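# Observations on the model geometry
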Amino acid sequence: MTQTECSSGDIYDLLFNMLNNNGQNSTCDNFQKPSEPVTYRDGRLFYVYLTPVILIIGILGNSLSLNVFMSKNMRGMCASAYLAALSASDLSTLIFYVTVEWLRRGIVYIYPETKMAFLEYNGFCQILMYLSYVSRFLSSWLVVAFTVERYIGVCHPLRRRHICTKSSTRRIITVICLLSCILVLYKPVLSGVYYSADGTQYCTSNKRYDFPSFVLDSAFAVTITLVPFLIITILNILIVRKLVYTNKRQQHYTVRTNNIQSVKSANIIRTEESIIKLEFTLILLAVSFFFIAFNVPYFTIWCRNFIYNKYISQTDSVSLEDIEYWQGILYISRTIFYMNYCINFFLYSITGTYFRREVKFLFTLKRQASYEFRQSSRNANTKLAVSWV
């Protein structure tokens, strides 16, 4: 296969288009080549066919999760408020970001004659960009807020009663929503509809503000990936350390207790605590782990492309084959990144007993029959719920 070379300016243009979610190719891609590289083709097909599956599962799963966390039995818990907001933000991300990107990049690969011109209309394209940036910011920082709430609940339980109340939870969620709406206002302002060399209409950043747009988008990428990653990782390590320490203490207390009745009382207390505290903490650890696992590969590949193409290749020309290889890898990591917005329903179902029960109630007619059981369970754990949930 012959190799086509691109200048550093073309490479920068390609990276810029990737960052701004622009489906248009850079001038590098206008060169004639015998065939598509295998990695690029497989990565594109992986993206094209798996993304619709992610969309269907994600929309259904997040809708069910939102319904469960807003149900009468769950909405009174502070942790449920964060998870309900997270389900709503993931749902909006799937609609305004993943769906729109697939229509731009995916369906046109299967059916090249298909034109999604309505996505590129002036005004409409800016609205879609703005909503996609807002929803992604929300999804990342709601996970951070939930992590902080669980950290205070596990590591500082006495302070939690005064800090993590229902009203404070609503205020925190409102503040995150307002910040997300304000911080990404630059995107629609610095964007517009332009025409490629062949006359194709596309929505991207204003060419007059290429550099400020690139800097702000880079800061946005770091804000929704690297910063949350560091906060979540540090707080989760502290949470796990505290849980291990508490578990050892309880085992030591149980072993040293000679009175049988005291042993039974200690086990009852431990069981009641586990029902609430450990369940939501396990949910947090699962959500945090997969948030990191699905976000880091895409962010890493993006950083690699930026550093290599912007700095390392300044003096040398780079083959088009190499660029398309990393484009294929980027498509694969992008698809994995999308999974972050559809997996939470399964994590809640695996780690949450209360969540599974509420999902079951949604599909059965046993709500009234189980009402007394749920009420007695809630009354028995009222004080515990205020402390830990």
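As named in an unreviewed UniProt entry, the protein is G-protein coupled receptors family 1 profile domain-containing protein, taken from Mytilus edulis. What the UniProt record of the protein gives under Subcellular location (unreviewed entry) is the line "Membrane".

Further remarks concern the overall build of the protein. Of regular secondary structure, the protein possesses 16 helices and four strands. Per-residue burial for the protein yields a buried fraction of 48% across its 389 residues. Contacts in the protein between residues at least 24 apart in sequence constitute 80% of all its contacts with a sequence separation of at least 6. As displayed, the protein has an accessible area near 19300 Å², and 65% of this comes from carbon and sulfur atoms.

Once that is clear, we can look at the packing of aromatic side chains. Evaluation of the coordinates by the stated rule reveals 21 aromatic pairs. With a centroid separation of 5.7 Å and 80° between ring planes, the pair formed by phenylalanine 345 and phenylalanine 346 is classed as edge-to-face. The class for phenylalanine 346 is partly exposed, based on a relative accessible area of 39%. The residue whose ring lies beneath arginine 136 is tyrosine 97, and the NZ or CZ to ring-centre distance is 4.0 Å. Taking NZ or CZ as reference, arginine 136 lies 4.7 Å from the ring centre of tyrosine 133, over its face.

Another point: the confidence of the model for the protein. This prediction gives the protein a mean pLDDT of 78; 73% of its residues lie at or above 70. Note on residues 14–27: pLDDT is under 50 here. Beyond four places in sequence and across chains, it has 51 contacts. Below a pLDDT of 50 lies the segment residues 380–389, which in the model reaches 25 contacts outside its immediate sequence neighbourhood of four places, other chains included.

Sites flagged by UniProt as "transmembrane region" (unreviewed entry) map to residues 46–69, 81–100, 127–148, 169–186, 219–240, 280–301 and 336–355. Each end of residues 46–69 is marked by a C-alpha atom, and these two atoms are 33 Å apart; helix forms 100% of the span and strand 0%. Span residues 81–100 is 100% helix and 0% strand, its end C-alpha atoms 28 Å apart.

This next bit is on the state of the cysteines. Applying the stated criterion across every chain yields a total of one disulfide. Paired by a disulfide, cysteine 125 and cysteine 203 hold their sulfur atoms 2.1 Å apart. As the torsion about the S-S bond is roughly 65°, the cysteine 125-cysteine 203 disulfide counts as right-handed. A residue pair is termed long-range when its members are at least 10 positions apart, and cysteine 125 in helix 5 (residues 124–155) and cysteine 203 in strand 3 (residues 201–205) qualify at 78 residues. Taking the relative accessible area as the measure of exposure, cysteine 125 reaches 0% and is therefore buried. Considering cysteine sulfurs only, cysteine 181 is the nearest to cysteine 177, which forms no disulfide, with 6.7 Å between them. Of the residues examined, cysteine 177 reaches a relative accessible area of 27% and is grouped as partly exposed.

Counting residues in hydrophobic clusters, the biggest one holds 52 residues, and the most contacted among them are Leu83, Phe146 and Tyr348. The dominant element in this core, judged by the number of residues it contributes, is helix 5, at 15 residues. In terms of nonpolar packing, the next biggest core, distinct from the first, is built from 24 residues, Val48, Leu128, Tyr298 and Tyr341 among them.

The next point concerns the packing of helix 2 (residues 38–69) against helix 13 (residues 344–351). One can describe the packing of helix 2 onto helix 13 by two numbers: an axis separation of 8 Å at closest approach and a directional angle of 50°. As the angle between them shows, helix 2 and helix 13 are arranged oblique. On the side of helix 2, the interface is formed by Ile57, Gly61, Leu64, Ser65 and Phe69, while helix 13 contributes Phe345, Phe346 and Tyr348. For the contact of helix 2 with helix 13, the residue count by class is six nonpolar, two polar and no charged.

This brings us to a nonpolar patch on the surface. A cluster of nonpolar side chains, contributed by Val53, Ile57, Phe346 and Ile350, occupies part of the molecular surface with about 350 Å² of accessible area. Contributions of two or more residues to the nonpolar patch are made by helix 2 and helix 13. As for its position among the elements, valine 53 is in helix 2. Classification of valine 53 as partly exposed rests on a relative accessible area of 40%.

Tallied over the full model, the rule gives five salt bridges. Among the salt bridges present, the one from glutamate 101 reaches arginine 105, with a minimum N-O distance of 2.8 Å. Here glutamate 101 and its partner arginine 105 are both found in helix 3 (residues 78–105), four residues apart, which amounts to about one turn of the helix. Taken individually, glutamate 101 and arginine 105 each receive the classification buried, so the pair is uniform in this respect. One salt bridge connects glutamate 149 with arginine 150, and the closest N-O pair in it is separated by 3.1 Å.

Conventions used here
Residues numbered from 1 in each chain as written. Predicted model: local features only at pLDDT ≥ 70, side-chain atom pairs only at ≥ 80, totals over all residues. Heavy atoms only, no water. UniProt positions renumbered as here; feature names shortened; annotations may be inferred. Helix = DSSP H or I, 4+ residues; strand = E, 2+ residues; numbered from the N terminus. Buried < 20%, exposed > 50% of the residue type's maximum accessible area, 1.4 Å probe, protein only. Contact = heavy atoms within 4.5 Å. Areas by Shrake-Rupley, 256 points an atom, 1.4 Å probe, with all protein chains shown as cover. Phe/Tyr/Trp six-rings, centres within 6.5 Å; stacked < 30°, edge-to-face > 60°. Lys NZ or Arg CZ within 6 Å of the ring centre and 35° of its normal. pLDDT = per-residue confidence, 0-100. Disulfide = S-S within 2.5 Å. Core = buried A, V, L, I, M, F, W, Y, C linked by side-chain atoms within 4.5 Å. Axes fitted to C-alpha atoms, helices over the stretch in contact; angles between N-to-C directions. Parallel < 35°, antiparallel > 145°, perpendicular 65-115°, else oblique. Nonpolar A, V, L, I, M, F, W, Y, C, P; charged D, E, K, R; others polar. Patch = residues over 30% accessible without salt bridge, like charges linked within 9 Å, V, L, I, M, F, W, Y side chains within 5 Å. Salt bridge = Lys/Arg side-chain N within 4 Å of Asp/Glu carboxyl O.

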